[in-house]
Amino acid sequence: MDFSLAHILAARRRIAGIADATPLVPSSLGDRFGAEFLLKLEIVQPIGAFKLRGAVNAIFNLPADVAGVTCCSTGNHGRGVAYAARARGVKAVICMSHLAPTAKIAGVRALGAEVRIVGQSQDAAQAEAERLVAESGLTDISPFDDPDVVAGQGTIGLELLEARPDLDTILVPLSGGGLAGGVAVAAKRINPDIRVIGISMDRGAAMHASIQAGHPVEVEEVPSLADSLGGGIGLRNRLSFALCREHLDQIVLVSEEEIYRALQAIYYEDRIVCEGACVVGVAAVMSGKVQLTGPSATIITGRNLDMRVHADIMAGRDVVLGDHIVKGHRYEP
Ligand SMILES: *Cc1c(COP(=O)(O)O)cnc(C)c1O
């Protein structure tokens, strides 16, 4: 599938005024890391996460007579689609399973979207979205495997390189690869020598397993502190797999214990509250898995987290993730 910097430049014009250009701020962790370390704060987007960029770009690029949009997401993508649809004045139906937490359902409803609750799994919710496409002519907005979505996320790469043309490395949280693919295309078209590293948790890293296998594969989804990075890349992936395979210099995996410590570090050192998914880049450097070789940036992708879990981690308590216990650890600078 054809995808280029021109898509990302067009996305920037389309999303301006709805999704924000976000601040890039220095982290005090840079002293410890031996290089300047910058944080791109997507947590200040109106929905608290970068996914608004891709959703706005996709929904504002639909024809004027569009019947409405749908998607299956309990997380940041569902919020982004709901917000963007309201901004464009089109109907949105977000499909979720009965397992979706009530707070997340309420969050999406508060953005004006209809929530349809079906079945006991993500697959059942996806089947409902597909039924709405077939029966009501709604357009299904993919969270990562759509050129307009990838282009929207890629605008972060433009902003990073414009603010800091001297960036040496960008560390990107990686799940379905829409973010990493878009950011890598933008950054490397501007500076072909820049290093772009994707980072996932070591339990259920679908893009990493797929690139190793040479084609999209399924992985078992298990609970993680980086819950926004869970889920597959789609066995019929059209775009994000190819972009990540071609443009990422490396994929690094971090453990739940490393994510736990990185959440503490970014809170105690930089006073930032964010999801586990955001700190995988911090965790990769803290653990020594990535060495910084010049000014570097990571993307603090979202802040829609369970504050009780966050409070437990800040207090150094154990966190139970299904059958895995992340051992508590008091923060020491
Ligand atoms: C979706 C998401 C990611 C990963 O983005 P992909 O495009 O799926 O790789 C990272 N962090 C947060 C908070 C997200 O919601």
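Residues numbered from 1 in each chain as written. Predicted model: local features only at pLDDT ≥ 70, side-chain atom pairs only at ≥ 80, totals over all residues. Heavy atoms only, no water.

Attention shifts here to the sheet that holds strand β2 (residues 37-41). Pairing between the strands of a sheet comes from backbone hydrogen bonds, and it takes one of two forms, parallel or antiparallel. Taken in spatial order, the six strands of this open sheet run β1-β2-β10-β7-β8-β9, and their pairing is mixed. The sheet is open, and its two edges are formed by β1 (24-26) and β9 (250-254), each paired on a single side. Sheet twist, expressed as the mean angle between neighbouring strand axes with direction ignored, is 30°. Relative to strand β10 (residues 296-300), β2 runs parallel, the two being bridged by five bridges. Counterpart to K40 in the pairing with β10 is I299. In the packing of helix α8 (residues 178-190) onto the sheet, the strands contacted are β7 (169-173), β8 (195-201) and β10, and the crossing angle to β7 comes to about 165°. (Pairing = 2+ DSSP bridges. Helix = DSSP H or I, 4+ residues; strand = E, 2+ residues; numbered from the N terminus. Axes fitted to C-alpha atoms, helices over the stretch in contact; angles between N-to-C directions. Contact = heavy atoms within 4.5 Å.)

Attention shifts here to the nonpolar core. Core analysis: the largest hydrophobic core is formed by 41 residues, its most contacted members being I259, C274, V279 and I300. At the level of secondary structure, the elements contributing two or more residues to this core comprise α2 (29-33), β2, β8, β9, α11 (256-270), α12 (280-286), α13 (307-314) and β11 (319-321). Considering each element in turn, this core owes the most residues, six residues, to α11. Residue contacts for I300: discarding those within four places in its chain leaves L39, K40, L41, E42, I43, I266, I272, C274 and C278. The next biggest cluster of nonpolar side chains, apart from the first, holds 31 residues, and it includes I18, L52, L62 and A113. (Core = buried A, V, L, I, M, F, W, Y, C linked by side-chain atoms within 4.5 Å. Buried < 20%, exposed > 50% of the residue type's maximum accessible area, 1.4 Å probe, protein only.)

Turning to the site of the ligand, a few remarks are in order. Around the ligand lies a shell of 15 residues, among which K51, N76, S175, G177 and T301 are the nearest. One nitrogen or oxygen atom from the side chain of K51 is found 2.7 Å from an oxygen atom belonging to the ligand. Here an oxygen atom of the ligand and a backbone polar atom of S175 are 2.8 Å apart. Here the ligand, which alone exposes 380 Å², has 97% of that area covered by the protein. (Near = heavy atom within 4 Å. Polar contact = N/O pair within 3.5 Å; in protein donor to acceptor, adjacent residues only side chain to side chain. Areas by Shrake-Rupley, 256 points an atom, 1.4 Å probe, with all protein chains shown as cover.)

Attention shifts here to empty space enclosed by the protein. The tally for this structure, following the rule as stated, stands at one cavity of 30 Å³ or more. Here the largest cavity defines a volume of roughly 40 Å³. Along the walls of the largest cavity sit T74, G75, N76, R79, K104, S228, E275 and N304, which together make up its complete lining. By residue class, the composition of the lining of the largest cavity is no nonpolar, five polar and three charged. Formed jointly, the lining of the largest cavity draws a minimum of three residues from each of two domains, domain 1 (5-49 + 146-326) and domain 2 (51-140). (1 Å grid on protein atoms, 1.4 Å probe; cavity = no way out; pocket = protein on both sides within 12 Å on 5 of 7 lines; lining within 4 Å. Points joined across faces, edges and corners; volume = space filled by probe spheres on them. Nonpolar A, V, L, I, M, F, W, Y, C, P; charged D, E, K, R; others polar. Domains from an automatic or database assignment.)

Turning our attention to the packing of helix α3 (residues 51-60) against helix α7 (residues 147-163). The geometry of α3 relative to α7 is characterised by a closest axis approach of 7 Å and an angle of 130° between their N-to-C directions. As summarised for this structure, α3 and α7 are arranged oblique, according to the angle between their axes. Note on packing geometry: the crossing formed by α3 with α7 is right-handed. Within the contact between the two elements, α3 uses K51, R53, G54, N57 and A58 and α7 uses D148, V149, A151, G152, Q153, T155, I156 and E159. Classifying every residue of the contact of α3 with α7 by side-chain character gives four nonpolar, five polar and four charged. (Parallel < 35°, antiparallel > 145°, perpendicular 65-115°, else oblique. Left-handed = near helix turned anticlockwise from the far one by under 90°.)

Most of α3 is tucked away, with nine of its 10 residues classed as buried. Residues K51, L52, R53, G54, A55, V56, N57, A58 and I59 constitute the buried set of α3. Tucked inside the fold, the buried residues of α3 contact α1 (5-15), β2, β3 (69-72), α4 (76-88) and α7.

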